[in-house]
Amino acid sequence: MAFLELKNLHVALEDGTPIVKGVDLSVDLNEKHAIMGPNGSGKSTLAYALMGHPSYEITEGEILLDGENIVEMGADERAQKGLFLAFQYPHAIPGVTVTSFLRSAINAIRKAKNGGQDDPIPVKEFRTHILAAMERLKVPRELASRYLNDGFSGGEKKRVEILQMALLEPKIAILDETDSGLDIDALKIVANGVNDLVGPEMGALVITHYQRILNYITPDHVHVFVDGRIVASGGKELAERLEAEGYEAFIPAVEAVA
Amino acid sequence: MSSNSETEIVKGIRDEYAYGFSNSDDAENYFFKSGRGLNHEIVEAIAEHKKEPDWMRKFRHKSLDYFNARPLPTWGGNVAEIDFENIFYYIKPTEKQAKNWEDLPADILDTWDKLGIPEAEKKYLAGVGAQYESEVVYHKLQADLEAKGVLFLDMDTALREHEDVVKQYIGTIIPQNDNKFAALNSAVWSGGSFIYVPPGVKIELPLQAYFRINAENMGQFERTLIIVDEDAYVHYVEGCTAPIYSSDSLHSAVVEIIVKPRGRCRYTTIQNWSNNVFNLVTKRAVAYEDATMEWVDGNLGSKLTMKYPAIWLMGERAHGEVLSIAFAGKGQHQDAGGKVVHAAPNTTSVINSKSISKDGGRAGYRGLLEVAKGAHGAKSKVVCDALILDEESRSDTYPYIRVDENDVELGHEATVSKIGEEQLFYLMSRGLTEAEASAMIVSGFVEPITKELPLEYAVEMNRLIQLQMEGSVG
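What counts, and where the lines are drawn
- Residues numbered from 1 in each chain as written.
- Chains lettered and ligands numbered in written order.
- Predicted model: local features only at pLDDT ≥ 70, side-chain atom pairs only at ≥ 80, totals over all residues.
- Helix = DSSP H or I, 4+ residues; strand = E, 2+ residues; numbered from the N terminus.
- Rg over C-alpha atoms; globule rule 2.2 N^0.38 Å.
- Buried ≥ 20, exposed ≤ 12 C-beta atoms within 10 Å, placed from the backbone.
- Contact = placed C-beta atoms within 7 Å.
- Axes fitted to C-alpha atoms, helices over the stretch in contact; angles between N-to-C directions.
- Parallel < 35°, antiparallel > 145°, perpendicular 65-115°, else oblique.
- Left-handed = near helix turned anticlockwise from the far one by under 90°.
- Pairing = 2+ DSSP bridges.
- Nonpolar A, V, L, I, M, F, W, Y, C, P; charged D, E, K, R; others polar.
- Core = buried A, V, L, I, M, F, W, Y, C linked by C-beta atoms within 7 Å.
- pLDDT = per-residue confidence, 0-100.
- Expected span 1.5 Å × (residues − 1).

### A closer look at the overall build of chain B
For step 1, the next point in the chain: On a plain count of helices and strands, chain B comes out with 13 helices and 24 strands.
For step 2, the next point in the chain: Here the C-alpha atoms of chain B give a radius of gyration of 21 Å, agreeing with the 23 Å that 2.2 N^0.38 yields for 474 residues.
For step 3, the next point in the chain: Its C-alpha atoms give chain B principal-axis dimensions of roughly 65 × 55 × 50 Å.
For step 4, the next point in the chain: A total of 474 residues make up chain B; the buried ones form 57% of that total.
For step 5, the next point in the chain: Long-range pairs, those at least 24 residues apart, make up 83% of the contacts in chain B between residues at least 6 apart in sequence.

Here is the structure:
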C-alpha cells in the first residue's frame, strides 16, 4: 500500500455542492505525481480537503495515510502524521517572525512524534538547520526575522513554503499551484527544492494548471483532472500531450465517464 | 522581543487564574485593620496612624469632601456596582517595613515567593518595592544607585523623610479634585512609590513595584510620584495581582510623573488583578523640553478597568508615547486608552492601542489627542487595533481629537479584525493545535507592544495572554 491512498473520495462545499466526485489515487514515498487540470476543475479543493480544511466536507470515500483513515482528523493532526500542503496563497501572520513560527511548528511536530510530550529542538540545532535550508533554497537571510508572509512578494512566499516543507520533513507534500506567480529563476529554485526532498523519506503531489513547472520537476505519474475526476493517468508524456492538445482533448473522456 | 517568547506562549497551557491563592485575611494577622466604609473618621484614623503633618491631614479631609460632592461617572464602565460602604480602606499588615525578605512574616513572604518577586530582584531588577494591602512591606534599592543620589522609597517614608519635595509636587499633576477616583485616592492613599532620579543619572535596570491585594473587599489606594531630573532616565515597572473572591475589591491609584528637560521616563504596567477587582486609576505625566515620557500599559485582569495614562507635552520637542494592550475575557470590561496634550511647539506623540476581547468580554480604546494653540509643528500618530475572538465579545473605539493649531501633522488609523478561519487553517496545517494557532495569532497581534518590553516582561505578558486564551477555543 502506498503512503497516501485516496479511495473513491468525494468532497462537497458546506452548501452540499459536490466538487470532487470520486477520486482514486495512490502516492508513495519516493514518487512525484502531478495533477493537472483547468481552472475550476476542483483540484485546489482536493488539496484543501486532503489537508482538512473545515469548509470542505468529505461526503464519501477514504483518505488513508500510512494505512490510517484521516478523514475525521483536523489539519493539525494530519500535519503531525506527515502531510504537508504548500499553499497557493500563503496567509500572513503579522507580528510572528518566520523564525519563531518555524520553531513553533517544528516543536509541534516533534511533540506529536514524541507521544505528546514536549521535545523542543535545541536552539543550536534549530539555528544550524534553518540556516542550511535557507542557504540551499536561496531564501534571503533577512526574511527569517520578518513577519510570516507579511508584505512578502509572491516569490518570497513560495520559497518560504518550500523552506517550511524542508524543515518540517513531511512524508507526503502536496503543492497547490506553487508555480503560479513565479519568475523562471524562482521556479527553478522551488523545483530544485522539491527534487531534493523527494526520496525514500518523502513523496510529492504537485497540483498545477500549467505544464511549465513539470519541465523542472519531472513527474513519475501525471493525472489529468477535469470536473472533479481524474480522467486520464500516465507518465510524463501525458503532460506533454496535454501541453500540445489542451484540456479540450480530455473533455469527451469526461462525458464518456458521465 | 526575542523569538523565544512565542515559543513560550505555545507551550504550557493552564486553565485558571494562577494568582488566585490567598492567605488568611483574619484581622488578627494584621497589625492594623480599619472598619468597613468611608467617612472622615477613617480618614482621620489613617492620618493619625501614619502620624502625618497637618497639611496632609487637611489634604485628605478636603479630598474626601471632593469625593463626596462628585457624582459617579456615567460613562466608561458600570461603577455604580461598587459598594463603597463594604470596602476596607486601610489595612496595615506588618508593624514595619523589611529590608530583607526573610524579615517578613512567613505567610507574606510565601506570597511573594509564589509570585517570584525575590527571584526576579536577584536576576534583573535595580530595586523592588512590594506593597501588601495598604503598606509597602519590603523595599530595597541597589547600593550604587543610593550612592548616586537616587531615591526609591515608598510614599509614606518619602513623606516623612522628604516632606518638602512631596509637598512641592503632590497633587500638582493630578489635582485632588481631578475626578471622583483621584479624590478618593487623595483622601485615603497609602503606600505607592516615590522616585527621584538626579540629573544625568541613567538607571539601566528597571525599578519594580509589586502590588498585592490579599484581603476580601480590600481597597488599595497607592500613590506614586516620580521625578526624573534633567538628562536622567528610569524605567519603572509595576505588576499587580489579587485572590479571587466572590465579592468585589477596589483598586484606585494615582500616579504623577514629572520629566525634566532631556530626561526620559518609561512606566510599564502589567495589570493582572483577579476578576473581582475594580481598577480605576488616574495616571498623568508632564514632559518638559526634549524630554520623553512613555507609558506601556498591559491590562489583562480586573472586572472593570478605567485607565487612560496621560502625557502633557509642556516643553518644546518633548515626546510622548502610550502603548497599550487590553485583553477582556469573560465578565471583564477594559476601558483603556491614553491622552496626549501637545502644549508646546514641535512636540511629537504616538498612541498605539491593541485590544482583544473574547468570551463576551468588552475591550475598548478611549483616547484624547489635543493640540493647543501655539503648539505649531506638533506631530501625532494614533493607531488603535481591535481583535475580536468571537461573536459574543465587543470592542469600542472612542478617539477624541481637539486641535486649536493649524500647523500640525496628525494621523489616525483604526482597525477591527477577527481571527480568520484561513489563518487558523494555515497554522494548523503546520501541526499547531487550534489553541496554539489562536495564541500565536494573538501574540503576533500584540507584538508591536510586547517587543518594547524587557525580555522577562515580554515573556510574562505572553504567558498571561496565553492564560487568557485558554478555554476560548477547541
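### Comments concerning the overall build of chain A
For step 1, the next point in the chain: The helix and strand tally for chain A stands at eight helices and 10 strands.
For step 2, the next point in the chain: Relative to its length of 258 residues, chain A is compact, with a C-alpha radius of gyration of 18 Å against a globular reference of 18 Å.
For step 3, the next point in the chain: The principal-axis extents of the C-alpha atoms in chain A amount to approximately 60 × 40 × 35 Å.
For step 4, the next point in the chain: Contacts in chain A between residues at least 24 apart in sequence constitute 70% of all its contacts with a sequence separation of at least 6.

### Overview of unusual backbone geometry
Residues and elements named next belong to chain A.
For step 1, the next point in the chain: Not every positive phi belongs to a glycine, and Asp66 is a case in point at roughly 50 degrees.
For step 2, the next point in the chain: With respect to the element layout, Asp66 can be found in the loop between strand E4 (56-65) and strand E5 (68-69).
For step 3, the next point in the chain: With 16 C-beta atoms packed within 10 Å, Asp66 lands in the partly exposed category.
For step 4, the next point in the chain: Its identity as a non-glycine residue notwithstanding, Asn149 has a phi of 60 degrees, on the positive side.
For step 5, the next point in the chain: With respect to the helices, strands and loops of the structure, Asn149 is situated in the loop between helix H4 (123-136) and helix H5 (154-168).
For step 6, the next point in the chain: The class of Asn149 is buried, set by 22 C-beta atoms lying within 10 Å.

### Looking at the packing of helix H11 (residues 434-445) of chain B against helix H13 (residues 455-469) of chain B
Residues and elements named next belong to chain B.
For step 1, the next point in the chain: Interaxial distance between H11 and H13 falls to 10 Å at its minimum, and their mutual angle equals 135 degrees. When the axes of H11 and H13 are compared, the pair comes out oblique. Viewed along their axes, H11 and H13 form a crossing whose handedness is right-handed. Along the contact surface, H11 presents Ala435, Ser438, Ala439, Val442 and Ser443, while H13 presents Asn462, Ile465, Gln466 and Met469.

### Some remarks on the packing of H4 of chain A against H5 of chain A
Residue and element names in this part refer to chain A.
For step 1, the next point in the chain: It is the contact of H4 with H5, at a shortest axis distance of 10 Å, that shows an interaxial angle of 135 degrees. Judged by the inter-axis angle, H4 sits oblique to H5. Of the two possible hands of crossing, H4 and H5 adopt the one that is right-handed. Along the contact surface, H4 presents His129, Ile130, Ala133 and Met134, while H5 presents Leu163, Ala166 and Leu167.

### Focus on helix H10 (residues 421-428) of chain B
For step 1, the next point in the chain: Burial runs high along H10 of chain B: six of the eight residues are buried.
For step 2, the next point in the chain: Those residues of H10 of chain B that sit buried are Gln423, Leu424, Phe425, Tyr426, Leu427 and Met428 of chain B.
For step 3, the next point in the chain: Where H10 of chain B is buried, its residues contact helix H2 (75-80) of chain A together with H11 of chain B.

### Quick look at the sheet that holds strand E2 (residues 18-27) of chain A
All names here are of chain A.
For step 1, the next point in the chain: Taken in spatial order, the four strands line up as E2-E1-E4-E5 in an open sheet, and their pairing is antiparallel. Edge strands, defined here as strands with exactly one partner in the open sheet, are E2 and E5.
For step 2, the next point in the chain: Pairing of E4 with E5, which is carried by two bridges, proceeds in the antiparallel orientation. Counterpart to Leu64 in the pairing with E5 is Asn69.

### So, the sheet that holds strand E3 (residues 32-36) of chain A
Residue and element names in this part refer to chain A.
For step 1, the next point in the chain: An order of E6-E7-E8-E3-E9-E10 is seen for the six strands of this open sheet, with the pairing classed as mixed. The sheet terminates laterally at strand E6 (83-86) and strand E10 (229-234), the two strands that pair on one side only. Pairwise comparison of adjacent strand axes, ignoring direction, gives a mean angle of 20 degrees for this sheet.
For step 2, the next point in the chain: Alignment of E3 against strand E9 (residues 221-226), held across four bridges, turns out to be parallel. Paired with Ile35 across the bridge in E9 is His223.

### Describing the interface of chain A and chain B
For step 1, the next point in the chain: Contacts between the two partners involve 29 residues from chain A and, on the opposite side, 25 residues from chain B.
For step 2, the next point in the chain: Those elements that place two or more of their residues in the side of chain A that touches chain B are H2, helix H3 (98-113) and H5 of chain A.
For step 3, the next point in the chain: Residues of the side of chain A that touches chain B, tallied by class, amount to 15 nonpolar, 11 polar and three charged.

### Examining the nonpolar core
For step 1, the next point in the chain: Counting 222 residues, the largest nonpolar core has Ile174 of chain A together with Ile195, Ile257, Val259 and Ala287 of chain B as the members making the most contacts within it.
For step 2, the next point in the chain: Considering every element that reaches this core, the biggest residue donor is H13 of chain B, with eight residues.
For step 3, the next point in the chain: Ignoring any residue separated from it by four or fewer positions in sequence, one finds Ile257 of chain B in contact with Ile173, Ile226, Cys265, Tyr267, Ala285 and Met293 of chain B.

### Structural notes on the confidence of the model for chain B
Detailed reading of predicted coordinates is not advised where the pLDDT is low.
For step 1, the next point in the chain: Put simply, chain B has an average pLDDT of 90, and 95% of its residues get 70 or more.
For step 2, the next point in the chain: Listed scores for the predicted complex are pTM 0.84 and ipTM 0.95.

### Re the pairing of strand E13 (residues 264-271) of chain B
All names here are of chain B.
For step 1, the next point in the chain: With eight of eight residues buried, E13 is to be regarded as a mostly interior element.
For step 2, the next point in the chain: Burial along E13 is two-sided: the residues Arg264, Arg266, Thr268 and Ile270 and Cys265, Tyr267, Thr269 and Gln271 are all buried.
For step 3, the next point in the chain: Of the pairings in the sheet, the one linking strand E10 (residues 233-241) to E13 comprises eight bridges and is parallel in character. Bridging from a neighbouring strand, His235 pairs with Arg266 of E13.

### Description of the confidence of the model for chain A
For step 1, the next point in the chain: Of all residues in chain A, 97% attain a pLDDT of 70 or more, and the chain-wide mean is 92.
For step 2, the next point in the chain: When mean pLDDT is compared element by element in chain A, E6 of chain A scores highest at 98, while helix H8 (residues 251-257) of chain A scores lowest at 54.

### Examining the environment of Ser355 of chain B
For step 1, the next point in the chain: By the secondary structure assignment, Ser355 of chain B is in strand E20 (residues 348-357).
For step 2, the next point in the chain: Residue contacts for Ser355 of chain B: discarding those within four places in its chain leaves Ala326, Gln334, Ala363, Gly364, Tyr365, Ala386 and Ser395 of chain B.

### What to know about the pairing of E10 of chain A
For step 1, the next point in the chain: Pairing of E9 of chain A with E10 of chain A involves five bridges; the strand directions are antiparallel. Looking across to E10 of chain A, one finds that Val226 of chain A is bridged to Arg229 of chain A.

### Quick word on H11 of chain B
Residue and element names in this part refer to chain B.
For step 1, the next point in the chain: Compared with an ideal rise of 1.5 Å per residue, which puts 12 residues at 16 Å, H11 spans 16 Å between its outermost C-alpha atoms and is within 8% of the ideal.
For step 2, the next point in the chain: Across the 12 residues of H11, 10 count as buried, placing the element largely inside the fold.
For step 3, the next point in the chain: Of the residues making up H11, those classed as buried are Glu436, Ala437, Ser438, Ala439, Met440, Ile441, Val442, Ser443, Gly444 and Phe445.

### Points about the environment of Ser134 of chain B
All names here are of chain B.
For step 1, the next point in the chain: With respect to the helices, strands and loops of the structure, Ser134 is situated in the loop between strand E3 (127-132) and strand E4 (135-141).
For step 2, the next point in the chain: Taking C-alpha positions, Ser134 is 5.3 Å from Ile91, a pair spaced 43 residues apart along the chain.
For step 3, the next point in the chain: Once residues within four sequence positions are removed from consideration, Ser134 is found in contact with Tyr90, Ile91, Lys92, Ser190, Gly191 and Gln220.

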